[in-house]
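Residue-level structure breakdown
The lines below spell out each chain.
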Amino acid sequence: MAIAPPTDADRDAVASTAGQCASCQHLQVLRSKTSTFIRCGRSDDDPRYPRYPRLPVFHCPGWQSIHEPSAPNEA
């Protein structure tokens, strides 16, 4: 399943509950009919990051601003 990047509306919708994740470029937002899930894209390549983090996230060492380019193969 391909996951589309979150829109600004997605980020605004989760900002109050997701904490730092809402402004991270690794954020993935998955929706069902009744729920919204916050998924960490870093978990695909790095097992140190939980796929579905406990929210709100106040500090994450893997956080990258949506305004900064991502660096390839970061650990």
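The rules behind each value
Residues numbered from 1 in each chain as written. Predicted model: local features only at pLDDT ≥ 70, side-chain atom pairs only at ≥ 80, totals over all residues. Heavy atoms only, no water. Helix = DSSP H or I, 4+ residues; strand = E, 2+ residues; numbered from the N terminus. Buried < 20%, exposed > 50% of the residue type's maximum accessible area, 1.4 Å probe, protein only. Areas by Shrake-Rupley, 256 points an atom, 1.4 Å probe, with all protein chains shown as cover. Pairing = 2+ DSSP bridges. Contact = heavy atoms within 4.5 Å. Polar contact = N/O pair within 3.5 Å; in protein donor to acceptor, adjacent residues only side chain to side chain. pLDDT = per-residue confidence, 0-100.

**Side note on the overall build of the chain**
Summing up its helical and strand segments, the chain has 1 helix and 2 strands in all. Start at the N end of the chain and walk to the C end: the helices and strands fall as α-β-β. When the 75 residues of the chain are sorted by exposure, 36% land in the buried category. Carbon and sulfur atoms make up 54% of the accessible area of the chain, which amounts to about 5,400 Å² in all.

**Topic: the pairing of strand 2 (residues 36–40)**
Pairing of strand 1 (residues 27–31) with strand 2, which is carried by 5 bridges, proceeds in the antiparallel orientation. Following the sheet pairing, Val29 is matched in strand 2 by Ile38. Here strand 1 hands over to strand 2 after 4 residues, the two strands then running antiparallel side by side.

**Digging into the side chain of Ser43**
Looking at the secondary structure, you find Ser43 in the segment after strand 2. Not counting residues up to four positions away in its chain, the partners in contact with Ser43 are Tyr49, Pro50 and Arg51.

**Here's the deal with the side chain of Arg39**
Topologically, Arg39 is positioned in strand 2. Residue classification places Arg39 among the buried positions, given a relative accessible area of 9%. Within the structure, Arg39 has its side chain in polar contact with the side chain of Gln28 (distance 2.5 Å). A distance of 2.6 Å separates a polar atom in the side chain of Arg39 from a polar atom in the side chain of Asp44. What Arg39 contacts, discounting residues up to four positions off in sequence, is Ile3, His26, Leu27, Gln28, Leu30, Asp44, Arg51 and Tyr52.

**Structural notes on the confidence of the model for the chain**
Averaged over every residue, the pLDDT of the chain is 88; the share at 70 or more is 89%. Considering each helix and strand of the chain separately, the mean pLDDT is smallest for helix 1 (residues 8–18), with a value of 90, and largest for strand 2, with 92.

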